[in-house]
Amino acid sequence: MSRLRIFNDTDPGTVLLETRDHAAIAAELAQIGVLFEQWQASKPVQAGDSEDAIMTAYREDIDRLVHRHGFNSVDVVSIAPDNPQREAMRARFLEEHTHAEGEVRFFVDGSGLFSLHVADKVYEVLCEKGDLISVPDATTHWFDMGPKPEFVAIRFFTNPDGWVGQFTGSDIARRFPRHE
């Protein structure tokens, strides 16, 4: 089940707020400019399905989001626990960074942990099947897919080059919980 935990950025041991209520998560994240929605497939899909089957199952939501935000590229990423590149893929975005454009992901299956560092707070968002998160450009954050990643996500881009991480050099991500 999806979860939001909010911490003071200097105290990863104390949770200021924790909720699993989707409406409460969306409301808290909206205050910092982050979109959080729940989508339902028009037909059943699962990990291992083709990109076309996944895109078809969520076509109405995809088209609405593309139209609303002007995305010109949409793809599907699928990571399994036995992926030989899983450690390198996990390490790639575990450090605090920003992007030149927003990071938008919809979790078709599985889960991933986004941690957003905004002002003096860390917003830890566990995204699971059915969750869409849109992290605005220039928002400092890190992403953890876990040591045995298992997820399928639809990603939205205006320009895929805009998703190149600009790392802050901070060690904050190492002080906060991981997706284990």
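Residues numbered from 1 in each chain as written. Predicted model: local features only at pLDDT ≥ 70, side-chain atom pairs only at ≥ 80, totals over all residues. Heavy atoms only, no water.

**Remarks on the nonpolar core**
The following threshold applies: Note on terminology: a nonpolar core comprises buried Ala, Val, Leu, Ile, Met, Phe, Trp, Tyr and Cys residues joined through side-chain atoms within 4.5 Å. Each residue is placed in one exposure class: buried if its accessible area under a 1.4 Å probe, protein chains only, is under 20% of its type's maximum, exposed if it is over 50%, and partly exposed if it falls in between. Segments assigned H or I by DSSP are reported as helices when at least four residues long, segments assigned E as strands when at least two residues long, and all are numbered from the N terminus. In this description, contact between two residues means that some pair of their heavy atoms is separated by no more than 4.5 Å.
Leu29, Phe114, Leu116, Val125 and Phe151 are the most contacted members of the largest nonpolar core, which totals 22 residues. When residues of this core are traced back to their parent elements, those giving at least two are β1 (3-8), α1 (22-30), β4 (73-79), β6 (103-118), β7 (121-128), β8 (131-135) and β10 (151-157). For Leu116, the contacting residues outside a window of four places in its chain are Leu29, Ile32, Val34, Lys121, Val122, Tyr123, Val125, Val135, Thr140 and His141. Within the second largest apolar cluster, 17 residues are counted, among which are Trp39, Val45, Val76 and Val104.

**Side note on the pairing of β8**
Formally: Think of it this way: DSSP has to see at least two bridges between two strands before they count as a pair.
Here β8 lies mainly inside the structure; 5 of its 5 residues are buried. Of the two faces of β8, the one holding Asp131, Ile133 and Val135 and the one holding Leu132 and Ser134 are both buried throughout. Looking at chain direction, strand β3 (residues 35-38) and β8 are connected through 4 bridges and run antiparallel. Its bridge partner being in β8, Leu35 is matched across the sheet by Ser134. Two elements, β6 and β8, share 4 bridges in a ladder whose sense is antiparallel. By the bridge assignment for β8, Arg105 is matched with Ile133.

**Quick word on the side chain of Asp9**
Just so we agree on the cut-off: What qualifies as a polar contact is a pair of N or O atoms within 3.5 Å, subject to a donor-acceptor requirement within protein and to the restriction that residues adjacent in sequence count only when both atoms come from side chains.
On the secondary structure map, Asp9 appears in the loop between β1 and β2 (11-19). Among the polar contacts made by the side chain of Asp9, one reaches the side chain of His117 at a distance of 2.9 Å. Other than its neighbours up to four places away in sequence, Asp9 contacts His117, Ala119, Asp120, Lys121, Val122, Ile172, Arg175 and Phe176.

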